[in-house]
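An overview of the molecular structure
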Amino acid sequence: MERTIRALVAVEGLDTFEVQRAMPDDPSFQLLGLTDGVDETVRTLQTRDVDVLVVACEGREDDRSLQIIDSANRTAPSVPIVVLSTASPNGFLRRAFEAGAADMGLYPQSKDQLRFMLSKAIARTTRTSDMNGHRGEGKLICVLGPKGGTGKTLTSTNLAVALALANQRVLIIDLDLQFGDVALALGVPPEKTMYDLAISGGSLDQDKLSDYVMQHQTGVDVLLAPARPDQASAITIELLRDVLVIARAHYDFVIADTPPGFTAEVISTIDASDALVMVGTLDSLSLKNTKLGLETLQLMDYDEEKIQLVLNRADTRVGISHHDVVAVLGSQPDIFIPSDREIPRAVNEGVPITLSRPQSYAAAAFHELAALFTGGAEPAAEPVAAAAASQGSGRRSLFRLRRK
Ligand SMILES: Nc1ncnc2c1ncn2[C@@H]1O[C@H](COP(=O)(O)OP(=O)(O)O)[C@@H](O)[C@H]1O
Ligand SMILES: [Mg+2]
């Protein structure tokens, strides 16, 4: 049974009754009260036992909700704050995280989704303490990209294969819970997925986990995303946390492929990760989003030294120079992946380019990326190495970004 959630809801600029009606109404959700403004919210947090604070607002940058988040965070730092807003412009999103929000979602949304989001936020606050001391040897690498189609799945699957070819034990987890396509990219049949694991009941251990992973011909184990989008909500943060702890103890590398954006699963995986691979492409929209992604990581206090920046389709002629890239991102990409007509073909055939065209520059780039994690000296194909070398050296800083 799900445990009861005691929620306090601060309403700012929205209709209180509508907000109340939008809250989950299952018996395991307890609405402690609705507050108006900073003082009332802070007072209630001091006097009641609150599991989660929901701030329902319009999402404007001059919104009083930001003060509520900030004060609530100072008053009760252990209470996660979930922000629901009718709009979420980037400036607001960033300031809300800055003020201490744990997660953000659109208002209104379905009661099920909302309940799911709240349990995840609560689970996340207990995560850090649970995970400490349980760390296995394996490294968790989270592959991120703030936009769809930038090459995250391409990168995570080929990185997994490159690491396996370097004799590492690898598990890849598809965290694109609704539209995951790791199964397609690797050509593994979706016989068992994370959903089957989630509904199997009982406690999780390595034996059980191995019952639910699919094996790729290279030896890479694959924990697939649910087959249907509606099954995604069965994957709780608690389950994910257990999977990560167990997988780390058993594999050398655990690679998480992610959907675009900072979903709750993605945030808790980032928190638990040893390294991040940020994938962007060479167009101005993608670069802008990549920069926003890097800024969000900075707000989450993520150690910039643990971020590898991958520039995909790095040779595309779109009028953006490498100089522009560095100027926008504030740092040097670590790995350049060229455009390659074989890549879409490889994806369609379900054979990663590291296997279908092992001599290609793209394959070499993925071996270079893998070598950054194994410490191995992989011989990079000439142009890739040359492209990287010609970018000059200099101490890289992802976070030396220009801020408005
Ligand atoms: N370097 C590249 N060269 C050619 N096609 C690419 C390249 N990178 C990505 N693609 C194409 O773009 C599609 C989207 O890539 P994918 O890795 O699925 O993106 P994401 O996971 O970020 O949404 C792939 O199916 C592939 O066909
Ligand atoms: Mg993908």
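Just above sits the structure.
Predicted model, so just to flag it, every value in this text is computed and none were measured. Sequence order sets the numbering: in each chain, residues are counted from 1 along the sequence as written. Chain letters and ligand numbers both follow the written order, the letters beginning at A and the numbers at 1. Residue-level local features of this predicted model are given only where pLDDT is at least 70; pairs of side-chain atoms are given and counted only at 80 or more, and the full residue set underlies all totals for whole chains, interfaces and linings. The side-chain figures draw on all heavy atoms in the structure; neither hydrogens nor water molecules are used.

Quick look at the site of ligand 1 now. The environment of ligand 1 is formed by 15 residues, the closest being Gly149, Lys152, Thr153, Leu154 and Asn312. The definition of a polar contact used here is a pair of N or O atoms within 3.5 Å, where within protein one atom must be able to donate a hydrogen and the other to accept one, and adjacent residues in sequence count solely through side-chain atom pairs. Within the backbone of threonine 150, a nitrogen or oxygen atom sits 3.1 Å from an oxygen atom of ligand 1. One of the backbone N or O atoms of leucine 154 is found 2.8 Å from an oxygen atom in ligand 1. Using the Shrake-Rupley algorithm and a 1.4 Å probe, accessible areas are obtained, with residue cover drawn only from the displayed protein chains. Protein coverage of the free-state accessible area of ligand 1, which is 560 Å², stands at 81%. Listing elements by their share of the shell around ligand 1, those giving two or more residues are helix H6 (152-165) and helix H14 (342-349). Amino acids outside the nonpolar list (Ala, Val, Leu, Ile, Met, Phe, Trp, Tyr, Cys, Pro) and the charged list (Asp, Glu, Lys, Arg) are all regarded as polar, and Gly is one of them. Here the shell around ligand 1 is composed, by residue class, of 5 nonpolar, 7 polar and 3 charged. Proximity criterion: a residue is near a molecule or strand once any of its heavy atoms comes within 4 Å of it. Where helices and strands are cited, they refer to DSSP runs of H or I of at least four residues and of E of at least two residues respectively, numbered from the N terminus.

The next point concerns the packing of aromatic side chains. Two rings from Phe, Tyr or Trp (for Trp, the six-membered ring) form a pair when their centres are within 6.5 Å of each other. A pair whose planes differ by under 30 degrees is stacked, one over 60 is edge-to-face, and the rest are tilted. Inspection of every chain in the model, using the stated rule, returns 0 aromatic pairs. In this structure, lysine 306 packs its charged tip against the face of tyrosine 302, placed 5.1 Å from the ring centre. Our definition puts a charge over a ring when NZ of Lys or CZ of Arg is within 6 Å of the ring centre and also within 35 degrees of the ring normal.

Here the focus is the sheet that holds strand S1 (residues 5-11). DSSP bridges decide pairing: two strands pair if at least two such bridges lie between them. The sheet built from 5 strands is open, its strands ordered S2-S1-S3-S4-S5 with parallel pairing. A single partner strand is all that each edge strand has here, and the edge strands are strand S2 (29-35) and strand S5 (103-106). Adjacent strand axes in the sheet meet at a mean angle of 25° when their direction is disregarded. For helices, the axis comes from a line fit to the C-alpha atoms of the stretch in contact; other axes are also lines fit to C-alpha atoms, and the angle between any two N-to-C directions lies between 0 and 180 degrees.

Listing the buried residues of helix H4 (residues 90-99) in full gives Phe92, Arg94, Ala96, Phe97 and Ala99. Contacts were defined at the residue level, with two residues in contact if any of their heavy atoms lie within 4.5 Å. Structurally, H4 contributes buried residues whose contacts are with strand S3 (52-57), helix H3 (65-75), strand S4 (81-85), S5, helix H11 (264-272) and helix H12 (284-299). Positive backbone phi, approximately 125°, marks glycine 100, located one or two places after H4. Relative accessible area decides the class of each residue, using a 1.4 Å probe on protein chains only: under 20% of the type maximum gives buried, over 50% gives exposed, and in between gives partly exposed.

Below, the discussion takes up the environment of serine 200. Tracing the sequence through the fold places serine 200 in the loop between helix H8 (194-198) and helix H9 (206-211). What makes serine 200 partly exposed here is its relative accessible area of 30%. As a C-alpha pair, serine 200 and tyrosine 212 span 12 residues in sequence and 9.8 Å in three-dimensional space. Other than its neighbours up to four places away in sequence, serine 200 contacts Lys208 and Tyr212. At 2.7 Å, the side chain of serine 200 forms a polar contact with the backbone oxygen of leucine 197. Here the side chain of serine 200 touches lysine 208 through a polar contact of 2.9 Å, side chain to side chain.

For the rest of this paragraph, the subject is the pairing of S3. Counting buried positions along S3 yields 6 of 6 residues, so the element is predominantly enclosed. Of the two faces of S3, both are covered, the one formed by Val52, Val54 and Ala56 as well as the one formed by Leu53, Val55 and Cys57. Sheet topology note: the S1/S3 ladder contains 5 bridges and is parallel. Paired with leucine 8 across the strands is leucine 53, a residue of S3. Throughout, right-handed denotes a crossover for which the path from the first strand over the helix to the second runs clockwise when the strands point away from the viewer. Once you follow S3 into H3 and on to S4, the crossover reads as right-handed.

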